[in-house]
Structure formats: C-alpha cells, structure tokens
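# Remarks on the overall topology
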Amino acid sequence: MSRPPTDAQPVRRLSLRRLSLWLALGAALALLLGVGVVATIAGSTLELAERGGQNTATARMEELRAVGNLERMIALGDQFQTETEPLRWRKLALTMQALALHPSLGDLVDEVGGATTAFDTATELLAMREAEIARPRVPDELARMAERREAFWLARRAQLEEAADRVAASIVREISQAANEISRGTRVVLAVTLGGALVAVLGGGALVVLMRRHLLAPLLKVSDVLADLRRGKDVEGNLPTVHSEELGEVVEAVGRLSATQRALERAALYDALTGLSNRYGLEARLEQAIGQARRQSRQLALMFLDLDRFKSVNDSLGHASGDALLRIIADRLSGCLREADLVARLGGDEFVVLLGDINGSADAGLVARKLLEAAARPVRIEGLELRSSVSIGICLFPDDGQDGGTLMKHADIAMYQAKAAGRAQFRFFEAAMNEAVVQRLRIESELRQALERNEFRLYFQPQMAPDGLRIVAAEALIRWQREDGTLISPAAFIPIAEESELISAIGAWVLRSACEQLADWQTRGFRNIRLAVNLSARQLRDPQLPGEVEHLLAQHRLDPALLELEVTESVAMEQPEVTIGNLQALKALGVSLAIDDFGTGYSSLSYLKLFPLDRLKLDRGFVSDIESDPNDAMICAATVGLAHSLRLELVAEGVESGAQHAFLCELGCDLLQGYHFHRPMPAGAFVVLLEHQHAPASPPGQG
Ligand SMILES: Nc1nc2c(ncn2[C@@H]2O[C@@H]3COP(=O)(O)O[C@H]4[C@@H](O)[C@H](n5cnc6c(=O)[nH]c(N)nc65)O[C@@H]4COP(=O)(O)O[C@H]3[C@H]2O)c(=O)[nH]1
C-alpha cells in the first residue's frame, strides 16, 4: 500500500476547487467572446443585407417603373403612328406627354435624355400630325410628312428602347451585387460559428481528457482500493499518485484508513505479547487449511500445548517474568516449525501448532518430540535458571475430527491426558479420552454445585503419640456427601478440582472449616490438639494465602502453632526456590508446616533443609510393606534419621497393624496415623474420642 506522500518527495498539487473556478471563468469568458463576435458579425451582415436590400428595392422600384413607363411610351408611340382618328392620336400624344413627365423618368434625364426627349418626342409627333391635318389636299406632301414623322419616331423609339435596356441591365447588376453581399455575410457568420464550435469541441475534449486523467482515473483507483480494503486485502502500494489537493486529501485519508485497518487486524488476529497468531488468527488459518486438505485429500495435525506449572512462575516471580518465559517459549516453538506450519497462542500458557500436509501420525510425533525438547531447554530469566516443559495433545485431520472446533477440542483432551500422565510428554487423541473428559467435566460442574449446596464435610483422623494411646493431633480430610448421603473420597474429586480453579474455593472452605473446628475444640477445653490441613499446589502458590490464614487465626483467636499446613513433597520440590518463599511467608505467621507423602517425590536435601518445616510425613506406601520389604524398612529408618537430623518430627502414615506400630516405634517415629488406631471420622465422633482421652485408655485398633 502506498503511504500518503508525506514522507516521500512532496508532490506539487493543483487545487481542483481553484482549477474548476478558473475553468468556469475561462469558459464563461470564451462563451461571451464567441457570442459577441458571432453576434457582431451576424448583426453587421444582416444590417448590411437589410440596408442594401432596402436601398436597392427603393431605387430599383423607381427604375423598374421608369423602364415600364418607357416601354409603355414606346407602345403608345407605335399606336400613335398607326392611329388615324385625330381624336385618338391626340389623346395618345397627350398620354405620352403625361408619361414623359412622370418622376421615374426624371432621374433618367441625364442618362438617356429621357424625360425631355420623351416629352419632346410626344410634342414633336403631335405637332407633326397636326401639321399633316392642316394640308390635307396635297397628298405627296402629306406622304412626305408622314415619312418624316415615321423616321423621326423610329429614331426616338430606338433611343427610348436603349434607355429602357440600360436601366433594366443596371437593375439586374444591382440585385446580383446585393445578393453577393448577403451571401458573403452569411459565409462569414457560418465560418465564425464553425470556428467557435471547433474551439468548443477541442476545448471540451481537452477538458474531458484532463478530468479523466486527474479526477476520474484516480477516483476509480481509490474506489478499487476501498473495495479491496473491504474484502480485507492488503492494499499496500496500490494507492494512486495524485496531483490535486482535494484528491490528495482523499488518498491520504484512504492511506490512513488502510493503516488503521491493518493495525486493527493485527490486534484482532495476532497476540500482542508473542507476535504469534491469536485464537481468531488460528481459527481463520485452521478453516482454510482444513478446506485445502479436504480438497487435496491430505492430512493435518493439530497440537494443543500447555506450559507445565506456568502459573507458579507467574505467581512467584511476577507477570513480567511470566511474559518473558512465554516469549522465549513462543520463539522456540516457532523455531521448530516449517514456514507453512503455524503456531498460535490462545492466551495464558496455551499454544496451538498446526502442521499442514503431514504423511501420518509419525510425522506429527517427530515434530512433537522436537517441540518437547525445545521447551525443556533451561530458561534464564532475571538471573534465575528455570526449567520449563510443555504437555502436548495431538489430533489428526480427518481421522479425529472434520472441523476446527472438534479438532481443537480433541487436541485439548489429548493434552489433558498428557498432563495427567505426568507432564512433559505428548499424547495422540483417542476416542476413549473423550469419555474421560466428559466424566471430568460432569464432576467439575457437580463440584461447583456441591460448594453452593454446602455438601462438603470435614473428617478427622487422629495422629497418635508413639504409645498409640494419646491423640496429639488430627488431619482434616475432606469428604463430599452427596444428596443421597453417599460419601465420595477426595481421591475422586481433588485431582479434578486441582485441574480447575475450583480447588481454590474448596481449599478456602477447608481452611475456614478447620479453623472453626479448632476454635470449637478450644471452647470444649481440648486446647493442645493440633489440626493438619492439606494445601493444594495452587493454594501454596497463591500470594493471598498468608493473608487469609492470618485473618482466620485472628478471627478465631487461635494459637497459630495448632494449625498445621501440609504440602506434598512433589509440590514442594516443583520449584523449590519459590516454595521457600511461600513457606517462609506462612511460617512468619507461626503456623506449623509439614511435608506430606515424603519419599514419593525427589527431594533435594539442600532445599529441604532450607524449608522452614516442623514435620515430615512418611508416605504410607513405605509403611505398608515395612515388615516384608527390607528396602522399605531401610527407607523408613533412613527417613526417621533424616527428619531427626533436620530437627523435624516424623509422622508415619497408614499404620495398619500392631507390628507396623511396634516397628515404627522402634525406629523412633514421633507420631503415628493409620487405621490401626483410628479411621477418619466426623467432627462429632472425634470430639467423643477426645473426651475418652480423660477416661482409662482403651487398647489400640478399636477406633
Ligand atoms: N490404606 C490406608 N489409608 C489410610 C490409613 N490411614 C489413613 N489413610 C488415608 O490416607 C490419606 C491421608 O491423607 P493424605 O496423604 O493427605 O492424602 C489425601 C490428600 O492428599 C487428599 N486430601 C484429602 N483432604 C484434602 C483437603 O482437604 N485438601 C486437599 N488439598 N487434599 C485433600 O486426598 C488424599 C486422600 O485422602 P483420604 O481418602 O481421606 O485418605 C487419607 C486417609 O483416609 C491406613 O491405615 N490405611
């Protein structure tokens, strides 16, 4: 798209407004001038013609009359000569005289000697005839007189005829001259009109060419560009260069519009943090790729990637570090792919990879391995070396889904399975996974309802002194009591709650209820019973947790040491540096801290000694085989030794028999928990048990 010519060489531009004003003015002037010239020429020609016509007509009328009178005189003269009756020839002579005196003949006097001659001729003829009558008796003389009269008449007649011919010729000459003048004037008017029309045609043509080049063509181009913009095409470099100010404004506005549209598109289709496509960009590409693959009968692979334990990085190191990690992972993922593939970020720590044109699942597996390796390389952020990993779910088109929505859902399900299988691995989608997910979603929604309906209960399992008689503490264990009264074990729903944000609400409920219970025991006089509460990974990383605990302790006026918070070894060791900070914040409140399921994770002793702990809880897996498996017995012994060397108490879980009890006592365990003593029980039963402590001791295993 052409940038508005602000940053390029400035283009000199005309003002169309001014140009059109000048053109209109010029056209009006030219028109006025043309009309003036034509009108002047036509007017003068007409005037000339009219004037010439009038003069000629007046003058020629007299001459015509004179010619007529002369012709008549000639005819009268001829008649006079032949007329014998004196009365009649006298009358004819008199008529001739009267005609000769007519003014039309007056003007001919000089030319033909007309009037005088005509009058004299009539007078002379009359006198000659009168003289002939006066001598009637002399016939010869009479004949001579008549001959003389005849000769005289013929001579005069010839003169009169000549005069009439000359006048007639002059009339014809005058008329043709006038006609010539009129036609010359008409030709001039015609020439001027044609000239004007030619100038108008040429000027109009030039104007049309000018308008087409500088107005119409750029306008059409701008309209094409706008149409392309509407279709979402890139119009970069398509804007015309214009030479008028007004169109320049339009072109610049379209340029700005296109730049804004591109910026909006970027914001709409790309992720601002990583520069990768976002959900909408991915959806568009996915639909396109599916259409293409369907037409060409090809396979696609869609991968759903989730950064393992990203939230704890975000919570403990802050959002800036979280963002930096996301950018690094985004770059690494992009680096593993071909140009035709796509990697998108859906938000949070979720990425999607689209592999176009693969030959089968093996291809997708190969790429997934590369992605796993790339994500697993250590990341250095703000001086800390972080170990990241991703879990990947893969599904294939067309086998695992025919449309984008289904493919995304199935890849997500496969990813969830990869996470459940221990993270940092990939899983291909299988139909059976769908059912597991449906089940999980159902439980999630039921858990939400359970919270609203207050269906959770706390059970309490005593922790005994080594003698197995004295209750020193208890562990709070959640149960879900459904409407029909059935109790659901936490193992069936806590992992699901941990996958969603539900664990925060459930954990908060447990903490609240546990503190209420502690307060209740206080009022009942059981002041030294400690209560242990399990913390989920999310809770431990929650920066609000210390504040909430502090508030609950203050609200119920509890001795903080009576509240024990347990975190599993694997959660504690996930990001040990982060755990240290979180545990220290809790320890600052005075609460007790314990590591649960000890021995199942991979503890780093250097970190373990930095955790501000009070107790280690030996996992019940080691206790169960303590008698039969010498390895387990050794581990138990070593764990007791380790705890004591770190100045921690050791709690043995899952004590189910007297032999286990005896063995653990021998090893030096500080506290014992298990069915051999008591099963988890409701609050009421636990209070009854506490009250029994004041009574004579009953043998263990009867709880
Ligand atoms: N076989 C055998 N089992 C014994 C014996 N003594 C105790 N147990 C069981 O061992 C589990 C001990 O709790 P845990 O290790 O913290 O393991 C707990 C804990 O990780 C989790 N959990 C329970 N309540 C909560 C809670 O309120 N919050 C969180 N985040 N997790 C909880 O659920 C797990 C299972 O809890 P429960 O089903 O109550 O199972 C309890 C308890 O009933 C024994 O002698 N033999």
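Residues numbered from 1 in each chain as written. Predicted model: local features only at pLDDT ≥ 70, side-chain atom pairs only at ≥ 80, totals over all residues. Heavy atoms only, no water.

### What to know about helix H12 (residues 404-420)
Three or four residues apart is the spacing at which side chains of an α-helix point the same way, because the helix has 3.6 residues per turn. For clarity, the cut-off: In this text, helices come from DSSP runs of H or I with a minimum length of four residues, and strands from runs of E with a minimum of two, each type numbered from the N-terminal end. Working rule for helices: expected span equals 1.5 Å times residues minus one. Polar contact criterion, stated in full: a pair of N or O atoms within 3.5 Å, where within protein one must be able to donate a hydrogen and the other to accept it, and residues adjacent in sequence count only if both atoms are side-chain atoms.
Compared with the 24 Å implied by 1.5 Å per residue over 17 residues, the 24 Å span of H12 between its first and last C-alpha is a close match. Looking at where H12 begins, the residue whose side-chain oxygen comes 3.2 Å from the main-chain nitrogen of Gly-405 is Asp-403. At the exit of H12 stands Gly-422, carrying a positive phi of roughly 120 degrees.

### Some remarks on the pattern of salt bridges
As a reminder, the rule being used: Every case where a carboxyl oxygen of Asp or Glu lies within 4 Å of a side-chain nitrogen of Lys or Arg is listed as a salt bridge. Only protein chains enter the area calculation, which uses a 1.4 Å probe; residues under 20% of their type maximum are buried, those over 50% are exposed, and those in between are partly exposed.
Scanning all chains against the criterion turns up 28 salt bridges. Among the ionic pairs, Glu-455 bridges to Arg-453, the shortest N-O distance being 3.5 Å. A salt bridge links Arg-453 to Glu-483; the nearest nitrogen and oxygen atoms lie 3.8 Å apart. In this pair, Arg-453 is assigned in helix H13 (residues 431-453) and Glu-483 in the loop between strand S9 (471-481) and strand S10 (487-488), connecting sequence segments 30 residues apart. For Arg-453, a relative accessible area of 43% translates into the label partly exposed. Overlapping salt bridges bring together Arg-440, Glu-444, Arg-448 and Glu-501 as one network.

### Side note on the site of the ligand
Operational definition: Near residues are defined by distance, with any heavy atom within 4 Å of the molecule or strand qualifying the residue. A 1.4 Å probe and the Shrake-Rupley method give the accessible areas. Residues count as covered only by the protein chains that appear here. Throughout this entry, Asp, Glu, Lys and Arg are counted as charged residues, while Ala, Val, Leu, Ile, Met, Phe, Trp, Tyr, Cys and Pro are counted as nonpolar. The remaining residues, Gly among them, count as polar.
Taken together, 20 residues lie near the ligand, and Glu-475, Asp-596, Arg-620, Glu-656 and Tyr-675 sit nearest. Gln-461 has a polar side-chain atom sitting 2.9 Å from a nitrogen atom of the ligand. In this structure, Glu-656 approaches the ligand through a side-chain N or O atom, which is 2.5 Å from a nitrogen atom. Protein contact buries 85% of the 790 Å² of open area that the ligand shows by itself. At the level of elements, S9 and strand S13 (592-598) are the ones that each hand at least two residues to the shell around the ligand. Broken down by element, the residue count for the shell around the ligand peaks at four residues, all from S9. Its residues assigned to classes, the shell around the ligand comprises seven nonpolar, six polar and seven charged.

### So, the layout of surface pockets
The test is simple: The rule is simple: put a 1 Å grid over the protein atoms alone, call a set of points where a 1.4 Å probe fits but cannot get out a cavity, call an open set with protein on both sides within 12 Å along at least five of seven lines a pocket, and count a residue as lining if it has an atom within 4 Å of a point. Grid points are joined across faces, edges and corners, and a volume is the space filled by probe spheres set on the points.
Approximately 610 Å³ is the volume attributed to the second largest pocket. Taken together, 27 residues line the second largest pocket, and the ones lying closest to its centre are Arg-309, Met-573, Glu-574, Gln-575 and Pro-576. Of all elements in the fold, only helix H9 (310-317), strand S5 (384-386), helix H18 (569-574) and helix H19 (576-587) reach the threshold of two or more residues within the lining of the second largest pocket. Considering only residue class, the lining of the second largest pocket consists of 11 nonpolar, eight polar and eight charged.

### A closer look at the packing of helix H14 (residues 490-499) against helix H15 (residues 502-523)
Short version of the rule: For every element, the axis is a line fit to its C-alpha atoms; helices are fit only across the contacting stretch, and the angle between N-to-C directions ranges from 0 to 180 degrees. Just so you know how the angles are binned, under 35 degrees is roughly parallel, over 145 roughly antiparallel, 65 to 115 roughly perpendicular, and the rest oblique. Contacts are assigned to residue pairs that have any heavy atoms within 4.5 Å of one another.
Their axes nearest at 6 Å, the elements H14 and H15 cross at an angle of 125 degrees. If you check the angle between H14 and H15, you find them oblique. In this structure, H14 uses Ile-494, Ala-497 and Glu-498 to contact H15, whose residues at the interface are Leu-502, Ile-503 and Ile-506. A breakdown of the residues in the contact of H14 with H15 according to their chemical character gives five nonpolar, no polar and one charged.

### Some points on a nonpolar patch on the surface
Stated formally: Surface patches are drawn from residues lacking salt bridges whose relative accessible area is over 30%; two like charges belong together within 9 Å, two nonpolar side chains (Val, Leu, Ile, Met, Phe, Trp, Tyr) within 5 Å.
On the surface, Leu-21, Trp-22, Leu-25, Leu-29 and Leu-32 cluster together to form a nonpolar patch covering roughly 600 Å² of accessible area. The exposure class of Leu-25 is partly exposed, given its relative accessible area of 44%.

### Thoughts on empty space enclosed by the protein
Summed over the entire model, instances satisfying the criterion amount to one cavity of 30 Å³ or more. Contributions of two or more residues to the lining of the largest cavity are made by helix H1 (16-82) and helix H6 (139-230). Tallying contributions element by element places H6 first for the lining of the largest cavity, with five residues. Across the lining of the largest cavity, the residue classes tally to eight nonpolar, one polar and no charged.

### Quick look at the confidence of the model for the chain
Using the following cut-off: Scored from 0 to 100, pLDDT records how confident the predictor is in each individual residue.
Confidence in the prediction of the chain, expressed as mean pLDDT, is 87, and 94% of residues score 70 or more. Across residues 1-7, where pLDDT falls below 50, the model places 21 contacts with residues more than four positions away in sequence or in other chains. For the stretch residues 696-703, pLDDT sits under 50, and the model shows 12 contacts to residues farther than four places along the chain or on other chains. This prediction of the complex comes with two scores: 0.52 for pTM and 0.96 for ipTM.

### Section: the packing of aromatic side chains
This is how the line gets drawn: In this scheme Phe, Tyr and Trp rings, the latter by its six-membered ring, pair at centre separations within 6.5 Å, and the angle between planes marks the pair as stacked below 30 degrees, edge-to-face above 60, and tilted otherwise.
The tally for this structure, following the rule as stated, stands at nine aromatic pairs. Geometrically, the ring pair formed by Phe-460 and Trp-521 is edge-to-face, given 5.5 Å between the ring centres and 70 degrees between the ring planes. Here the residue Phe-460 occupies a position in strand S8 (residues 456-464), and Trp-521 occupies one in helix H15, the gap between them amounting to 61 residues. In this structure an aromatic cluster arises from ring pairing among Phe-456, Trp-480, Phe-493 and Trp-509.

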